[in-house]
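So the chains spell out like this:
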Amino acid sequence: MAENQLHPNSWVDQYADYLFNYAIGKVSDVEIAKDLVSETFLAGLKSAKNYKGEAAERTWLIAILKRKVIDYYRKSNSKKGKAEVRMNFSYHDENEGDWLEEKVADPNGNLGSETIENEELGLALQLCIDRLPQKQSQVFTMKTIQGIPTEEICNELGINPSNLWVMIHRARTALMECLNQKWFNA
Amino acid sequence: MVQRMISCEKAADICTKAQYNEATFVERLKLKFHLIYCKVCAAYAKQNTKLTSLCSKANLHSFSKMEKEKMKERIRRHA
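Residues numbered from 1 in each chain as written. Chains lettered and ligands numbered in written order. Predicted model: local features only at pLDDT ≥ 70, side-chain atom pairs only at ≥ 80, totals over all residues.

An unreviewed UniProt entry annotates chain A as Sigma-70 family RNA polymerase sigma factor of Maribacter algicola. Database annotation for chain A, UniProt heading Sequence similarities (unreviewed entry): "Belongs to the sigma-70 factor family. ECF subfamily." (UniProt positions renumbered as here; feature names shortened; annotations may be inferred.)

Okay, here's the thing in structure tokens:
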């Protein structure tokens, strides 16, 4: 059985964006999510000696991030005091006698499931991007996710536009293959 | 007429640029024409366009290059 090993020097390139998107799904604040990712890496370094190689690096880092998210909510809860739940038990008389569960049904229920689906899609896509060759994922991310103009990317990376388009093309073709068919049939 | 016919390779190139609105009007016209008679490219173009809409739906975030460098530096210092 192949033992997994930690390679902290490649953590940022390999996992930072994935962890970032994961964190945003949990805390929905970009700056806090960034902090949590950075804390996750440092916590990972601290407890590297406890890593037994049973889980993949990514899984192990996600487990740390999950704990960081929980800690974050614990802290912000103790600051604000207990969460407050307000409920109006019966404002419509005609509803009297209905089950409480029916009254508190989330009116945005469908909206919620769409958000969850997009979050799932985001992480699936990010996983595929992380599997691309480093240069391709870098160019694809700059162009597609960050929306940086072609010329600027070329200047920054020292490539010419036709290089860029070849890399984008290869990345996109690989992503179409990598992304589960279920996303394309919808 | 010969000039107006494009290869599948060229079609794929234009199709990719078109995903970022960076294909010219003439290029898009040539692509449209190509897709009428080339079913393989038409299927590819459809998938490519779908990928674009999936990317925007996914609403991904990413660290900037500078932020990544800073994080790497911090890891190096703590390692």
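1. Concerning the UniProt feature "domain: RNA polymerase sigma-70 region" (unreviewed entry) in chain A
Here the UniProt feature "domain: RNA polymerase sigma-70 region" (unreviewed entry) sits at residues 12–77 of chain A. The span residues 12–77 of chain A shows a helical share of 82% and a strand share of 0%, and its end C-alpha atoms are spaced 30 Å apart. (Helix = DSSP H or I, 4+ residues; strand = E, 2+ residues; numbered from the N terminus.)

2. Some details on helix α7 (residues 150–157) of chain A
Among the eight residues in α7(A), zero count as buried, and that is only a small part of the element. Just past α7(A), the residue Gly158(A) takes up positive phi, approximately 65 degrees. (Buried ≥ 20, exposed ≤ 12 C-beta atoms within 10 Å, placed from the backbone.)

3. Side note on the nonpolar core
Among the nonpolar cores identified, the biggest contains 19 residues, and Ala16(A), Leu19(A), Phe20(A), Ala23(A) and Val37(A) are the most heavily contacted of them. Going through the elements one at a time, α1 (11–27), α2 (30–46) and α3 (57–80) of chain A are the ones with two or more residues in this core. For this core, the element with the most residues is α1(A), which contributes 10 residues. Among residues more than four places away in sequence, those in contact with Phe20(A) are Ala33(A), Lys34(A), Val37(A), His61(B), Ser62(B) and Phe63(B). By size, the runner-up hydrophobic cluster in this structure holds 17 residues, among which are Leu121(A), Leu125(A), Leu51(B) and Ala58(B). (Core = buried A, V, L, I, M, F, W, Y, C linked by C-beta atoms within 7 Å. Contact = placed C-beta atoms within 7 Å.)

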